[in-house]
Amino acid sequence: MDFAYSDRCLEYRDRLLDFMTGHVYPAEEIYARQMAESGNPHFDPPIIEELKTEAKERGLWNLFHPDPRYGAGLTNSEYAPLAEIMGRSAALAPEATNCSAPDTGNMEVLSLFGSDEHKERWLTPLLEGTIRSAFAMTEPAVASSDATNIQMSMTRSGDEWILNGRKWWTSNALHPNCKVLIVMGKTDPDAAAHAQQSMMVVPIDAPGVSVIRNLPVFGYQDREGHAEVLFEDVRVPESDVLAGAGAGFMIGQARLGPGRIHHCMRAIGMAERALELMCERASSRIAFGKPLAAQANIQDWIAEARIDIEMNRLLTLKAAWLMDTVGNKQARTEIAAIKVAAPNMALKIVDRAIQVHGGGGVSDDFPLASMYAHLRALRLADGPDEVHKRTIARQELGPYRKTEAKA
């Protein structure tokens, strides 16, 4: 098992680091000012388009896509270190390079399962960064951590499907450039549990689709928005069912594996930046006659942060390597493990960095409060910790269940 970065990865990494230093970090203050002056939490600030233009010119575009027809053609192991770098400025870098969730997952779904029409109408502009997309799965009326609970009705009517239901946490649906949804619902309640669901492509302006409200994250109004969306007799042609009726879970598994690598590496990037901020603050602030950095407990926090980051990076790279070499299914334990470990690790480091910053840490003068809110939310996104722990435990217990059954 070799985790040395490939020459191709190192070349992209150097270019991305240069882009971050020369353009992304300096743009953070401009971005904050433009958003504040707009008075609109879902405003599309000019600085984002400037960064996107710069990234395209530098060849730092669609780095996430493993198919060279659509993106950089990197493996999961090669893309993971780049996602970590982007996580250091999560509000700007992923969108600047067209590597934002949920667009990344949606683009992979459309490239794998979309028709030629889907690719022309939706995938191409998504790859060009001229539109955005959203993924509608979670529902307010059921425990959506168990996706078999999803109740959105998808009823056949001739050569169409009629959709009725309510979704929420439909991230990106309030972005001014969002044009299309991928929607998961129930097409056959009588089928086997994992064959009842389907995914369909639905324009966000289709008749019967209503964005009801935005959901804040710990009080933060994210620019892309997390919408509650109502579907009332929305008509979807048969041609917009992805991979056929009943394929929803299969598509979901294809979509979520790489997405979790991306989430976890971005979380590690946040942790690295939080550690840097903690070290800077601890070295510059004097309390009780000496720098905070001289306090034993602060030194413990800094040492533990370095240890935790390195462990989580290696575990995530192992998951990426397994996905590349033996496939997503065989890597499911490691994928589940990183989705629990990385956000929790990063959350602990950010929390301690906030403590070192004192009152400044909970303000918007530093990125720590925003990081904390988003990392805490990440422990729910793509399945809560408990679901992933359940997956790991079932894998560990599997051989013992077989032994008991024989005995």
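Residues numbered from 1 in each chain as written. Predicted model: local features only at pLDDT ≥ 70, side-chain atom pairs only at ≥ 80, totals over all residues. Heavy atoms only, no water.

Caption draft 1: Region of interest: the pairing of strand E4 (residues 178-186). With 8 of 9 residues buried, E4 lies mostly within the body of the structure. Pairing between strand E1 (residues 132-136) and E4: 5 bridges, direction parallel. Bridged to Arg 132 within E4 is Cys 178. Pairing of E4 with strand E5 (residues 197-203), which is carried by 7 bridges, proceeds in the antiparallel orientation. Note on E5: the bridge partner recorded for Leu 181 is Val 202. (Buried < 20%, exposed > 50% of the residue type's maximum accessible area, 1.4 Å probe, protein only. Helix = DSSP H or I, 4+ residues; strand = E, 2+ residues; numbered from the N terminus. Pairing = 2+ DSSP bridges.)

Caption draft 2: Spatial organisation of the environment of Leu 110. When you line up the elements, Leu 110 lands in helix H5 (residues 103-113). By relative accessible area, Leu 110 is classed as buried at 3%. It is 6.3 Å that separates the C-alpha atoms of Leu 110 and Leu 123, two residues lying 13 residues apart in sequence. Leave out the neighbours within four places in its chain, and Leu 110 touches His 118, Lys 119, Trp 122, Leu 123, Leu 126, Ile 182, Val 201 and Leu 242. (Contact = heavy atoms within 4.5 Å.)

Caption draft 3: Here's a closer look at the UniProt feature "domain: Acyl-CoA dehydrogenase/oxidase C-terminal" (unreviewed entry) in the protein. When the UniProt feature table is mapped onto this chain numbering, "domain: Acyl-CoA dehydrogenase/oxidase C-terminal" (unreviewed entry) sits at residues 246-395. With 77% helix and 3% strand, the stretch residues 246-395 has end C-alpha atoms that lie 25 Å from each other. (UniProt positions renumbered as here; feature names shortened; annotations may be inferred.)

Caption draft 4: Looking closely at the packing of aromatic side chains. On inspection of all chains with the given rule, the structure shows 1 aromatic pair. Note on Trp 168 and Trp 169: the rings are 6.2 Å apart at their centroids and 55° apart in plane angle, and the pair reads as tilted. The exposure class of Trp 169 is partly exposed, given its relative accessible area of 34%. Over the ring of Trp 61 we find Lys 56, and its NZ or CZ is 4.7 Å from the ring centre. (Phe/Tyr/Trp six-rings, centres within 6.5 Å; stacked < 30°, edge-to-face > 60°. Lys NZ or Arg CZ within 6 Å of the ring centre and 35° of its normal.)

Caption draft 5: How the structure looks around the pattern of salt bridges. Counted by the stated rule, this structure contains 26 salt bridges. For the salt bridge of Arg 223 with Asp 44, the shortest nitrogen-to-oxygen distance reads 3.3 Å. One end of the pair, Arg 223, is in the loop between strand E6 (209-214) and strand E7 (226-237); the other, Asp 44, is in the loop between helix H1 (7-38) and helix H2 (46-57), with 179 residues separating them in the sequence. Assessed through its relative accessible area of 5%, Arg 223 is described here as buried. Arg 58 is the salt-bridge partner of Glu 54, the closest N and O atoms lying 2.7 Å from each other. (Salt bridge = Lys/Arg side-chain N within 4 Å of Asp/Glu carboxyl O.)

Caption draft 6: Inspection of the nonpolar core at higher detail. Within the largest apolar cluster, 87 residues are counted, with the highest numbers of intra-cluster contacts made by Leu 63 and Tyr 79. If you tally residues by element for this core, the top one is helix H7 (residues 248-284), at 14 residues. Once you skip the residues sitting within four places of it in the chain, Tyr 79 turns out to touch Leu 63, Phe 64, Leu 74, Met 86, Cys 99 and His 262. (Core = buried A, V, L, I, M, F, W, Y, C linked by side-chain atoms within 4.5 Å.)

Caption draft 7: Helix H3 (residues 76-87), seen in detail. In a regular helix each residue adds 1.5 Å, so 12 residues correspond to 16 Å; H3 covers 16 Å between its end C-alpha atoms and thus fits that length. Along H3, 11 of the 12 residues are buried, which leaves the element largely enclosed by surrounding structure. For H3, every residue scored as buried is listed here: Asn 76, Glu 78, Tyr 79, Ala 80, Pro 81, Leu 82, Ala 83, Glu 84, Ile 85, Met 86 and Gly 87. (Expected span 1.5 Å × (residues − 1).)

Caption draft 8: Geometry of the UniProt feature "domain: Acyl-CoA dehydrogenase/oxidase N-terminal" (unreviewed entry) in the protein. Feature annotation in UniProt assigns "domain: Acyl-CoA dehydrogenase/oxidase N-terminal" (unreviewed entry) to the following positions: residues 11-129. The distance separating the terminal C-alpha atoms of residues 11-129 is 23 Å; by composition the span is 67% helix and 0% strand.

Caption draft 9: Up close: helix H9 (residues 332-357). End to end, H9 covers 38 Å across 26 residues, agreeing with the expected 38 Å (1.5 Å per residue, within 8%). In the stretch just after H9, Gly 358 is the one whose phi turns positive, near 65°.

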